[in-house]
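Residues per chain are reported as follows:
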Amino acid sequence: MKKTKILGLLVLSAVMLTGCIDSMPDMTTEQSDMVAEYAAGLLLKYSSSYDYRLVSDEELAAALAQEKALEEETMTETDIVQESPEESSEKETQEQFSAQEEETQKVTESTEQMQQDVLDADTDLAMELDLQDGVSLRYQSFEICDSYPQNATGFSGIDAREGRKLIVMHFDLENTSAEKIDCNLYDHSLRLRVNINQTVLTGVQETPMLPDDMVSFNESIEAGKKADVVAVAEIEKLSDHDIETIVLQISSINGNCNVKIR
């Protein structure tokens with residue numbers, strides 16, 4: 001009954017206002033919104049399908065606490081994703097330092113490896129490296145020069161870069177069998193590194209343009225004959241008197257060894 005009376009009053013008010021619309025004062029937008037909100041509130045309050053109640057203090061506090069927790073979580077995730085320029089720079093410095101340490105460790109390990117189990121200069125390298133049967137390979141001598149061969153013309157030689165020198169190591173490759181053999185060292189994938197005065201240097205260059213290059217040698221040798229083959233590496237500008245020790249590290253697909261040639 002009460003609801004019916006209120007609804008009747010609202011309808012009557014609407015009719016009266018319609019009849020007097022010319023004499024109503026103009027309302028601002030804010031005032032119109034307030035009247036509309038008040039009317040909507042009355043309708044919802046007496047509607048049987050609307051659960052009208054106030055929020056308790058405990059529910060309000062719980063809602064505020066949940067909202068604050070969500071904001072803090074969002075801020076934490078943002079801090080993790082976004083690195084400051086200082087943190088980014090520090091991270092890059094640490095990565096560079098780690099890379100330098102790793103490279104230093106590799107050089108140290110390589111030097112230590114060269115110093116272990118060093119063989120004499122007259123060792124048969126063909127046996128140590130498990131090369132083909134019927135040949136022997138022994139170190140002979142070395143020379144320091146600006147180019148090799150020194151009397152080369154055209155593109156048949158190799159020159160050291162400005163401020164550098166070449167160390168040319170000579171080896172005797174001998175056919176120890178009783179017949180002519182084809183000696184193919186290229187298929188053994190020889191790799192050489194030189195250690196001069198306890199300093200690891202760049203590996204020996206593969207110079208196929210040289211007919212006597214040991215790494216790419218592939219020729220026939222008569223029975224009982226020797227071929228002079230060489231390994232060439234570019235080094236710092238040193239003279240023979242500046243060199244105290246030379247250790248040569250040689251590896252093939254079947255073995256490796258270290259040879260002290262001075």
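Coordinates for the structure precede this section.
In this text the structure is predicted, and so the values were computed from the model without any measurement.

Enquirer: Explanation requested: the sheet that holds strand E5 (residues 164–175) in the structure shown.
Expert: Reading across the sheet, the three strands line up as E2-E5-E10 and stay open at both edges, with antiparallel pairing between neighbours. Edge positions in the sheet fall to strand E2 (135–145) and strand E10 (226–236), since each of these pairs with one other strand and no more. On average, each strand axis in the sheet is inclined to that of its neighbour by 20 degrees, with strand direction left out of account.

Enquirer: It is not clear to me how the packing of aromatic side chains should be interpreted in this structure. Could you clarify?
Expert: Aromatic ring pairs are described here by two measures, namely the spacing of the ring centres and the angle between the planes. Within the structure shown, the criterion is met by one aromatic pair. On the numbers, 5.8 Å between centres and 75 degrees between planes, the contact of Tyr139 with Phe171 is edge-to-face. With Tyr139 in strand E2 and Phe171 in strand E5, the pair connects residues that are 32 residues apart, well separated along the chain.

Enquirer: Where do I start with the environment of Leu238 in this structure?
Expert: Position of Leu238 among the secondary structure elements: in the loop between E10 and strand E11 (246–251). Residue class for Leu238 comes out partly exposed when judged on its relative accessible area of 21%. When the C-alpha positions of Leu238 and Lys165 are compared, they lie 7.0 Å apart, and in sequence the two are 73 residues distant. Among residues more than four places away in sequence, those in contact with Leu238 are Ile144, Lys165, Ile196 and Ile243.

Enquirer: Please clarify how the pattern of salt bridges should be interpreted in this entry.
Expert: Pairing between side chains of opposite charge can happen when their charged atoms approach one another. Summed over all chains, the structure comprises five salt bridges. Close ionic contact of Arg161 with Glu234 constitutes a salt bridge, the shortest N to O distance being 2.6 Å. Of the two residues, Arg161 is situated in the loop between strand E4 (158–159) and E5 and Glu234 in strand E10; the sequence distance between them amounts to 73 residues. Using a relative accessible area of 56% as the deciding quantity, one classes Arg161 as exposed. When the shortest N-O distance is used, the salt bridge between Arg262 and Asp240 registers 3.1 Å. Here Arg262, found in the segment after strand E12 (256–260), pairs with Asp240, found in the loop between E10 and E11; they are 22 residues apart in sequence, far enough to count as distant. Overlapping salt bridges, with partners in common, bring together Arg161, Arg164 and Glu234 in one network.

Enquirer: Even after reading the chapter, I still don't get the sheet that holds E12, so can you show me in this structure?
Expert: Paired through their backbone hydrogen bonds, the strands of a sheet run either parallel or antiparallel. If you trace the five strands from one edge of the open sheet to the other, you get E1-E12-E11-E7-E8, paired in mixed fashion. Sheet topology places strand E1 (118–119) and strand E8 (199–200) at the edges, where each strand pairs with a single neighbour. When E11 meets E12, the two strands line up antiparallel, connected through five bridges. Across the sheet, residue Ile250 finds its bridge partner in E12, namely Cys257.

Rules of the game
Every chain is numbered on its own, with residues counted from 1 as its sequence reads. Reporting in this predicted model follows two pLDDT cut-offs: at least 70 for local features of residues, and 80 or more for side-chain atom pairs to be given and counted; totals over whole chains, interfaces and linings ignore these cut-offs and use all residues. Side-chain numbers come from the whole structure's heavy atoms, not from hydrogens or water. One requirement defines pairing of two strands: DSSP has to find at least two bridges between them. Numbering of helices and strands runs from the N terminus; a helix is a DSSP stretch of H or I covering at least four residues, while a strand is a stretch of E covering at least two. To get an axis, a line is fitted to the C-alpha atoms, and for a helix only the part in contact is used. The angle between two axes follows their N-to-C directions and goes from 0 to 180 degrees. Within 6.5 Å between ring centres, the rings of Phe, Tyr and Trp (the latter by its six-membered ring) count as paired, and their orientation is classed by plane angle as stacked under 30 degrees, edge-to-face over 60, tilted in between. Categorising residues by exposure relies on relative accessible area from a 1.4 Å probe, with only protein chains included: less than 20% of the type maximum marks a residue as buried, more than 50% marks it as exposed, and the intermediate range marks it as partly exposed. For this analysis, residues touch if any pair of their heavy atoms sits within 4.5 Å. A pair is scored as a salt bridge if a Lys or Arg side-chain nitrogen falls within 4 Å of a carboxyl oxygen belonging to Asp or Glu.

Any functional reading would require information that these geometric values do not contain.
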